[in-house]
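The residues making up each chain are set out below.
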Amino acid sequence: MRTPANAVSIDEKLDIIPGTIYGMQHVLVMYAGAVTIPLIIGGALQLSTEEIALLINADLLCCGIISIVQALGIGRFIGIRLPVMMGVSFAGVAPMIAIGLSPELGLPGLYGAIIAAGFICMLLVPLFVRSLWVFPPVVTGTTLIALGVSLFGVAVTWAGGGYGAEDFGSPRNILVALAVLGTTLFVSKYVKGFLRNISILVGLIVGTVIAYAIGMIQVGSLAHIPWIQVVRPFQFGFPTFELSAILTMVLVVIITMVEAIGLLYSLSIILNKPLSRDHFTRGLRADALGATLGGIFNTFPYTTYSQNIGLIGITGIRSRYVCVYAGIILMALALFPRLAYFIALIPYPVLGGVALVMFGMVAASGGRLIQEVDFTNNIHNMFVFGISLGVGLIPTVSPNFFQFVPEFFTPLVKSGVLLTMLSAISLNLFFNGIPPKAVREGNIGLSSAT
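Below is a short write-up of the structure. (Residues numbered from 1 in each chain as written. Predicted model: local features only at pLDDT ≥ 70, side-chain atom pairs only at ≥ 80, totals over all residues. Heavy atoms only, no water.)

**Concerning the overall build of the protein**
- The helix and strand inventory of the protein stands at 19 helices and two strands.
- Relative to a compact globule of 450 residues, whose C-alpha radius of gyration would be 22 Å, the protein shows 21 Å and is just as compact.
- Residues classed as buried in the protein amount to 58% of the 450 residues present.
- Taking all contacts inside the protein whose residues are at least 6 apart in sequence as the whole, residues at least 24 apart take part in 85%.
- Total accessible area on the protein is roughly 18,400 Å²; 68% of this is exposed by carbon and sulfur atoms. (Helix = DSSP H or I, 4+ residues; strand = E, 2+ residues; numbered from the N terminus. Rg over C-alpha atoms; globule rule 2.2 N^0.38 Å. Buried < 20%, exposed > 50% of the residue type's maximum accessible area, 1.4 Å probe, protein only. Contact = heavy atoms within 4.5 Å. Areas by Shrake-Rupley, 256 points an atom, 1.4 Å probe, with all protein chains shown as cover.)

Right under this line is the structure:
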């Protein structure tokens, strides 16, 4: 993977102007995903427009706080201290809607379950870390390829116009997405220096200008949007705690943490930095803290965002302080809704154009890791890779395949990434056995990252 000659290091502090520009680039590529979950859940729970706005503001605030925690760390206990952006995971959408619609639980029951799940998973982090030896290159590479492939569905949907768009797949949408993609690739290849480092941002700007020129963006009145809106804890009522809801959300948070493990492996390859067990421990603790904080502020569980990892691979800007700038911008957007309004005007086809590049970087990191696997002398690795990739595609190619699975396991069987990972781990243990103790207790650093 090419690293620009002027790439900055992980711990390099940046001046405010370039730091803000790089940070805004991260915010723009994650913004749609960050606000989509509150819109989906708020609509499904039939919340008012004002209540959905509160959900979005709380979501942006928590995205910013947890991203800063991951980048800077809290002492030696929480935060991976790497360039990681945090956002709401799609894994919990269905169960969260089900809990919120329950007459006995409602929003207080949902947020109580999220708070408790974050606390419980914080206690489970040591168990996760002790089990990291089950992720050799054949498992991790397969999982990352499955993750990238599954994300292509999101990118293509955005490029076509977004979920539920009346003009989905129209030539106008596709041409705008292609213009963004072409601009990004052109800048990345032919432009030098600072502009190449913000090739994604350049693509977004060019695409937004084109979209505005052809009438895809309509700027409405701002009269109904307040200048300042303060996010308060427990603004939907004091949480209640019910065992079945808590167990459901524990499963959701576990799924987000498992997906985060794969993404952190991908990040280690892009950064060319092996990760220690301490890195994973601190990073997963931040995931668990994100769930608890999300419940307190009446939002949702948080996890590592894949598009931002892909962005780092494209730009080569590896400073963790970029994510601090991005976190501050997200918090500002939460407090000043009129700023958030203008970012929300970016059409989905524009986002889809850059998403194709960023999600491709995640799949490419898995392909790079798979190159280490010995397929010539150990044909069993072919079984691990091929079967697990197929299992992971089940929710995509046949959405009703698991329709008779008990509701509690719905989040598990709808996550193609988790299915891939569980299949690859199981098959690898079956064919290749348990590695020596020195391997199980050693560093998690990938040899491809050294």
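After presenting the structure, the write-up continues.
**Things to note about helix 11 (residues 306-315)**
- In terms of burial, helix 11 is a largely internal element, ten of the ten residues being buried.
- Three or more residues of helix 11 are buried, namely Ser306, Gln307, Asn308, Ile309, Gly310, Leu311, Ile312, Gly313, Ile314 and Thr315.
- Looking one or two residues past helix 11, Gly316 carries a phi angle of roughly 80°, positive in sign.

**Some remarks on the pattern of salt bridges**
- In total, this model carries three salt bridges according to the counting rule given.
- With a shortest N-O distance of 2.7 Å, Arg320 and Asp11 are connected by a salt bridge. Linking Arg320 in the loop between helix 11 and helix 12 (321-335) with Asp11 in the segment before helix 1 (16-44), this pair joins segments that are 309 residues apart in sequence.
- The partner of Arg172 in a salt bridge is Asp167, and the shortest N-O contact between them spans 3.5 Å. (Salt bridge = Lys/Arg side-chain N within 4 Å of Asp/Glu carboxyl O.)

**Some remarks on the environment of Pro95**
- Tracing the backbone through its elements, the reader meets Pro95 in helix 3 (residues 93-101).
- Residue classification places Pro95 among the buried positions, given a relative accessible area of 9%.
- When the C-alpha positions of Pro95 and Ala245 are compared, they lie 8.8 Å apart, and in sequence the two are 150 residues distant.

**Side note on the nonpolar core**
- Judged by nonpolar contacts, the single largest core of 146 residues is most densely connected at Leu60, Phe135 and Met249.
- It is helix 9 (residues 243-271) that contributes the most residues to this core, 18 residues altogether. (Core = buried A, V, L, I, M, F, W, Y, C linked by side-chain atoms within 4.5 Å.)

**As for the side chain of Asp59**
- With respect to the helices, strands and loops of the structure, Asp59 is situated in helix 2 (residues 49-72).
- Within the buried set, Asp59 has no salt-bridge partner at all; the shortest N-O distance to an opposite charge, 17 Å, is to Arg232.
- Excluding residues that lie within four positions of it along the chain, Asp59 makes contacts with Ala34, Val35, Pro38, Val88, Thr299 and Tyr302. (Lys, Arg positive; Asp, Glu negative; His and termini not counted.)

**Re helix 4 (residues 106-130)**
- Relative to the 36 Å expected for 25 residues at 1.5 Å per residue, helix 4 spans 36 Å between its end C-alpha atoms, a close match to the ideal helical length.
- At Leu124, helix 4 shows its strongest bend, of approximately 40°, with the proline Pro126 following within four residues. (Expected span 1.5 Å × (residues − 1). Bend = angle between axes of the 7 residues up to and from the residue.)

**Some details on the packing of aromatic side chains**
- A complete count under the given rule lists ten aromatic pairs for this structure.
- Consider the rings of Phe234 and Phe238, whose centres lie 5.3 Å apart with planes at 50°: the pair is tilted.
- For the pair Phe375 and Phe385, a centre-to-centre distance of 6.2 Å together with 65° between the ring planes defines the contact as edge-to-face. Here Phe385 lies in helix 15 (residues 380-392) and Phe375 lies in the loop between helix 14 (348-370) and helix 15, a separation of ten residues in the sequence.
- On the basis of relative accessible area, Phe375 is assigned to the partly exposed category, the value being 22%.
- Linked through ring pairs, Phe135, Tyr265 and Phe280 together constitute an aromatic cluster.
- If you follow Lys189 out to its NZ or CZ, it ends over the ring of Tyr190, 5.4 Å from the centre. (Phe/Tyr/Trp six-rings, centres within 6.5 Å; stacked < 30°, edge-to-face > 60°. Lys NZ or Arg CZ within 6 Å of the ring centre and 35° of its normal.)

**What about the environment of Tyr265?**
- If you trace the backbone, Tyr265 turns up in helix 9.
- Sequence separation of Tyr265 and Leu144 is 121 residues, and the distance between their C-alpha atoms is 8.5 Å.

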